[in-house]
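The lines below spell out each chain.
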Amino acid sequence: MSDEERSRFDLEKAIASWRHVHGRRRVFLTEDLDELERHLRDHTAYLVKQGERPEAAFRAAQQALGDVEGGEAEYRKVRWGKLRRRHQVRPEISYGIAMLKSNLSVAVRNVRKHKLYSSINVLGLTIGVACCLLIGLYVLHERSYDRFHAKADRVYRLLYHERQGTGVPRPAADEYLVWGSAAHAPLLEADFPEIERAVRLSGRHEVLVARDDRRFQEERYFFADPAFFEVFSFPLLRGNPETVLAGPRTAVLSETAARRYFGDADPIGQTLSLESGEGQGDVTVSGIMADVPANSHLDFDILFSMDTFEQRARDNDQAYKFDARGYADFFTYVLLKEGTSAEMVAEKLPEFVQRHYAEGLKDPPRSYGLALEPLTEAYHSPAGRRQPLHAGPMGNPTNLYLFSFIGLFILVIACFNFTNLATARSVGRAKEVGVRKTVGASRGGLIGQFLVEAILLTSVATVIAALLAWVLLPLFRTLAGKEISALPLWDPAMIAAILGGAVLLGLFAGAYPAFVLSRFRPSQVLKGTIQTSGAGLRKAMVAFQFMMSIALIVGTVVVHDQLEYLRDHPLGFEDRQQLVLDFGGDPRVRDEIEAVKQEFEALPGIDAASAARSVPGGYFPDAGSAIEAPDGTMRDVSLGLFEVDQEFLTQLGVEVVAGRLFSPEIATDTEQALVVNAAAAREMGYADPAELVGKRFRQWGREGEIVGVVDDFNFESLQHEVTPLSFRVSPWLRFLVLETSTADAAETVALVQARWNELVPYRPFMYSFLDQSFDALYRDEDRFGALFGTFAALAIFIACLGLFGLAAYSVQQRTKEIGIRKALGATAASVAALFSRDFLKLVLVGFVVAVPVAYLAMSRWLDGFAYRIDIGPGIFLLAGGLALLVAVLTVSYQSARAARLDPVKTLRYE
Amino acid sequence: MLPKPLVAASFEPLVLALLARGETYGYELIQRIEELSDGRIVWSANRLYPLLHDLENRGLVAAKWRDEAPGPNRKYYRLTSKGERAMEQARRDWLDVNALLARLWGPDLSLST
């Protein structure tokens, strides 16, 4: 071969090679390549004419032409213009769609071929997304409270706080009170041009409402000012919103309440009778409203006009209920004018207080402040929680946060799972990649293929998850005890977000195998010499999954233990076998209380009977009291007030620490005696409670001596510390408490009920057992615990699915190694152990990280309880052990399979 | 080499001006401009050809393949009447700018109003 021939041969080959590289880029049309090639040849020829050697000339020309990437960028800018000019756009699009279809069919085929792993992957992700969706709906529901009111952004709730002394620091958020005075509203409306309306709500003390012979004890009602429907957007179905509460003695019923009293008859214009309480008397039904939606912090069934309450109060010399700053029985809401801000009003509130109430705050000196809280924050607000009366349901922000985190956790676990399994699987497909590349697949095409597969799986999983969430929603509603709306699921923005998320996850999970694998050189792959990099990342993800699962188990155990502790904790009085009958403070019963008690005591199975104004777990007003201090002066102190009859404390078996309990024998006990608890003694500065006996007291119109001190007992939920409490004998009682001693509670209740219907036929028989009522205090916590546990179990399940899949692939990867080991004499057990050890190390790492995280989080939650368990090492060991056990079981299946592999088979394919 | 922004800005008017002198192909355009500018302007093929295609898309130039052995055919470009009008406009714009600069900088580069 001559030199010339050799160089010409080089040139054509070089040009062909150059063209091949450029030709793979779709952006260059054939004619573009022709044009560039012509250019290349021209330039090369020119350089050769200048005296260059052909090869050098070509290289220089190629250099001058520029690199393929740069060219691609520039050509891409004009590509669509070219196609449009030649009317070739549609073929291009068809091409793209065809590529997508082909990718999809290959993807589907792949999924079918590896059914087990595909299902594990999809299952884990489906459960994770479904859980996340359900929790998301729950969170959305909780955050949607009160937003349905048209003027919600202008409505505010009035808060107040009151302290002894002046110059006190700013109160904390939870020290503000809500249930307060009626006096403010009219004054606010008059003094502030920014305030368009101020309305009050009162009520919710149990009253008996009757219509003919239908009689119900109602608690879910309000007395409401006439402007109620102007401020709040509760739909009024019948009646004029402006007048429906304006008249004297009118009532608006919800649809449910209307049905309850009137059946299908028309209630408008009919009368209902209030047989007790503030608005006693007949009322006329003036309107019907739709039932209050679930996400409202105001919970009621009936509205009575405020006038019903006010008129009667004023007529009966009780105007102080409406005029006194210190009388609390109202919730106040204000509607601000458009364009005004709450800050503007808030600035002027201190001056408002000074203007109207300065006199009453002087002696003894105290500070009193008002504040405005947006309506939309009322449900989650910490204000007024310790007060005995609430306007409706209250949210729990801590639990909400925890749930949000759990939802996120589960989603992350599921996504990690998916990614892990996808990447593990990709290693198994290395050979496929090698073959494809040899046959000429471009890197971009391969990447596209992997991504399409991943997105296919995530999309399928997401769609199934959404359906699953929808199907499980009713069950979830029951579990959570809330009317969670499914509407957000149908919101187009939400749907778009969910699908977008699915695509994103598919991209993320598919990206690793896509990019890494497509980079493999065919020769490497087919020989089997690729490194499986990224194993470290996969292991980290498994450890992370187990960390979260273990943290969730710890959380569940802590919640469960704490709830059990609350239920079993000795309360300090005899709470079992106490049958409580609620007669609503009805004066007809009250006046005959001694006779009634004797009637019940005569029944078999009833050992004793007493009565009280409240029961532990119920409502205790604060009574301003003055007690003689150790130094002889009378000191003001705020004590809870528990009004009882003489036998109540004895019957409950509270422990006496000093002095004595009330006695029917001692006449002065009815008016001039007070019993307090040890917390009160401490509050007064008495180190020895015995010193308190005999000291003087003044309280709400009574004076006398302290006759006894009882040991602290829990009269409120164990979330609260025992606060100072005082007891006095009073006729203003509401509950009968019967001590039973039979084993058959049902029989005793039946007996009591029969007797009740004879003695007190005009009142409904309402009974409860004291210990059950107490347990009911923790109903919210119980629900929380149940939900928490459910989601923790699901999280672990998903993590185990991932572990299962990974173990399976690990076995598959190491079949040869197993074969060799067995051939060399390893037992099945040792092979199984080898496998398990690797994975269990990861669980251990997860455990180590989970411990501090779970400890901190659960300590925070436990801070919400005055009486709480200690998070001991036992809980962590239990959680860790459980996780380990589950992991062992999961991995051992695969390890056992691995151990059983026949070395002959595995080593055959070399 | 002239600064990049200038090279980029002058790309289109220069191409139109060169094509006005007669039909030609890409490689020749690159060579001519390098010659005419004394090497201060060197266009890369990756930039020139897409630009020519863009001009073709916009109807300012028309292209035709001519058979030239050996190797693939050459794509020749010529100005259309629309292109001529565009060139006229570009010419006016550049001359305006040029006049303004000449006024500001003056013949002896001293500051003059």
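**A few points about the overall build of chain A**
Each helix and strand counted, chain A has 31 helices and 23 strands in total. For 910 residues, the compact-globule formula gives about 29 Å, and the C-alpha radius of gyration of chain A, at 39 Å, lies well above that figure. When contacts within chain A are restricted to residue pairs at least 6 apart in sequence, long-range pairs at least 24 apart make up 78% of them. With an accessible surface of roughly 42,200 Å², chain A has 56% of that area assigned to carbon and sulfur atoms. Once the 98 positive and 111 negative side-chain charges of chain A are each reduced to a mean point, those two points are 17 Å apart.

**Topic: the interface of chain B and chain A**
Opposite the 22 residues of chain B that make contact, chain A presents 24 residues. When the two sides are added together, the surface that chain B and chain A hide from each other amounts to roughly 2,000 Å², 53% of it contributed by carbon and sulfur. Taken together, the links from chain B to chain A amount to 4 salt bridges. Counting the contacts that link chain B with chain A gives 11 residue pairs in polar contact (both at pLDDT 80 or more). Among the elements of the structure, α2 (26-36), α3 (45-57) and β3 (74-79) of chain B are those that each provide at least two residues to the side of chain B that touches chain A. If you tally residues by element for the side of chain B that touches chain A, the top one is α3(B), at 9 residues.

**What to know about the nonpolar core**
Judged by nonpolar contacts, the single largest core of 101 residues is most densely connected at A:Phe662, A:Phe727 and A:Phe791. When sequence neighbours within four positions are dropped, the list of residues in contact with A:Phe662 reads A:Val644, A:Gln646, A:Leu649, A:Thr650, A:Asp669, A:Ala673, A:Leu674, A:Val675, A:Val707, A:Phe727, A:Arg728 and A:Val729. Core analysis: the second largest hydrophobic core is formed by 38 residues, A:Leu33, B:Ile33, B:Trp43 and B:Tyr76 among them.

**Things to note about the sheet that holds strand β1 (residues 24-25) of chain B**
Backbone-to-backbone hydrogen bonds join strands into a sheet, with any given pair of strands oriented parallel or antiparallel. Residue and element names in this part refer to chain B. Reading across the sheet, the 3 strands line up as β1-β3-β2 and stay open at both edges, with antiparallel pairing between neighbours. The open sheet is flanked by β1 and β2 (61-66), the only strands paired with a single partner. With 6 bridges connecting them, β2 and β3 associate as antiparallel partners. Across the sheet, residue Trp65 finds its bridge partner in β3, namely Lys75. Contacts between helix α1 (residues 4-20) and the sheet are confined to β1, β2 and β3, with β3 contributing the most and set at about 95 degrees to the helix.

**Section: the confidence of the model for chain A**
Mean pLDDT over chain A works out to 84, with 93% of the residues at or above the 70 mark. Ranking the elements of chain A by mean pLDDT puts helix α18 (residues 522-527) of chain A last, at 57, and strand β11 (residues 330-336) of chain A first, at 95.

**Some thoughts on the packing of helix α7 (residues 184-191) of chain A against helix α12 (residues 342-357) of chain A**
All names here are of chain A. Put simply, α7 and α12 touch, their axes get as near as 12 Å, and they point 115 degrees apart. As for the relative orientation of α7 and α12, their crossing is right-handed in sense. On the side of α7, the interface is formed by His184, Leu187, Leu188 and Asp191, while α12 contributes Leu349, Phe352, Arg355, His356 and Tyr357. Grouping the constituent residues of the contact of α7 with α12 by class yields 5 nonpolar, 2 polar and 2 charged.

**Observations concerning the packing of aromatic side chains**
Residue and element names in this part refer to chain A. Summed over the entire model, instances satisfying the criterion amount to 47 aromatic pairs over all chains. Between Phe223 and Phe304 the ring centres are 5.6 Å apart and the planes differ by 40 degrees, which places this aromatic pair in the tilted class. Placement of Phe223 in strand β5 (residues 221-224) and of Phe304 in strand β10 (residues 302-305) is noted, with a sequence separation of 81 residues between them. With a relative accessible area of 2%, Phe223 lands in the buried category. The exposure class assigned to Phe304 is buried, which follows from its relative accessible area of 1%.

**Side note on helix α25 (residues 745-759) of chain A**
Residue and element names in this part refer to chain A. Between its first and last C-alpha, α25 extends 21 Å over 15 residues, near the 21 Å set by a 1.5 Å rise per residue. All buried positions along α25 are accounted for by Thr748, Val749, Val752 and Trp756. Axial view of α25: buried residues confined to an arc of 95 degrees, hence all on one face. Opposite the buried face of α25, at more than 90 degrees from it, the exposed residues are Ala746 and Glu758. Summarising the contacts, the buried residues of α25 are in contact with β13 (578-582), α21 (593-601), β14 (606-612), β22 (735-740) and β23 (767-769). Between the side-chain oxygen of the N-cap and the backbone nitrogen of Ala746 there are 3.2 Å, and the N-cap of α25 in question is Asp744.

**Brief notes about the side chain of A:Gln217**
All names here are of chain A. Turning to its location among the elements, Gln217 is positioned in strand β4 (residues 214-218). Accessibility expressed as a relative area gives 16% for Gln217, which makes it buried. Setting aside residues up to four positions removed in sequence, Gln217 forms contacts with Glu206, Val207, Leu208, Asp582, Gly584, Arg734, Arg763, Pro764 and Met766.

**Quick notes on the pattern of salt bridges**
Across all of its chains, the model carries 57 salt bridges over all chains by this definition. For A:Asp42, the salt bridge is made with B:Arg74, and the minimal N-O distance between the two is 2.9 Å. Within this pair, whereas A:Asp42 is found in helix α2 (residues 30-50), its partner B:Arg74 is found in strand β3, the two belonging to separate chains. Just as A:Asp42 is buried, B:Arg74 falls in that class too. In this structure, the salt-bridge partner of A:Glu275 is A:Arg215, at a minimum N-O distance of 3.4 Å. Taken together, the positions of A:Glu275 in the loop between β8 (271-274) and β9 (281-289) and A:Arg215 in strand β4 put the pair 60 residues apart, joining distant regions of the chain.

Cut-off values and rules
- Residues numbered from 1 in each chain as written.
- Chains lettered and ligands numbered in written order.
- Predicted model: local features only at pLDDT ≥ 70, side-chain atom pairs only at ≥ 80, totals over all residues.
- Heavy atoms only, no water.
- Helix = DSSP H or I, 4+ residues; strand = E, 2+ residues; numbered from the N terminus.
- Rg over C-alpha atoms; globule rule 2.2 N^0.38 Å.
- Contact = heavy atoms within 4.5 Å.
- Areas by Shrake-Rupley, 256 points an atom, 1.4 Å probe, with all protein chains shown as cover.
- Lys, Arg positive; Asp, Glu negative; His and termini not counted.
- Charge placed at Lys NZ, Arg CZ, Asp CG, Glu CD.
- Buried area = accessible area lost by both parts, 1.4 Å probe.
- Salt bridge = Lys/Arg side-chain N within 4 Å of Asp/Glu carboxyl O.
- Polar contact = N/O pair within 3.5 Å; in protein donor to acceptor, adjacent residues only side chain to side chain.
- Core = buried A, V, L, I, M, F, W, Y, C linked by side-chain atoms within 4.5 Å.
- Buried < 20%, exposed > 50% of the residue type's maximum accessible area, 1.4 Å probe, protein only.
- Pairing = 2+ DSSP bridges.
- Axes fitted to C-alpha atoms, helices over the stretch in contact; angles between N-to-C directions.
- pLDDT = per-residue confidence, 0-100.
- Left-handed = near helix turned anticlockwise from the far one by under 90°.
- Nonpolar A, V, L, I, M, F, W, Y, C, P; charged D, E, K, R; others polar.
- Phe/Tyr/Trp six-rings, centres within 6.5 Å; stacked < 30°, edge-to-face > 60°.
- Expected span 1.5 Å × (residues − 1).
- Arc of directions from axis to C-beta.

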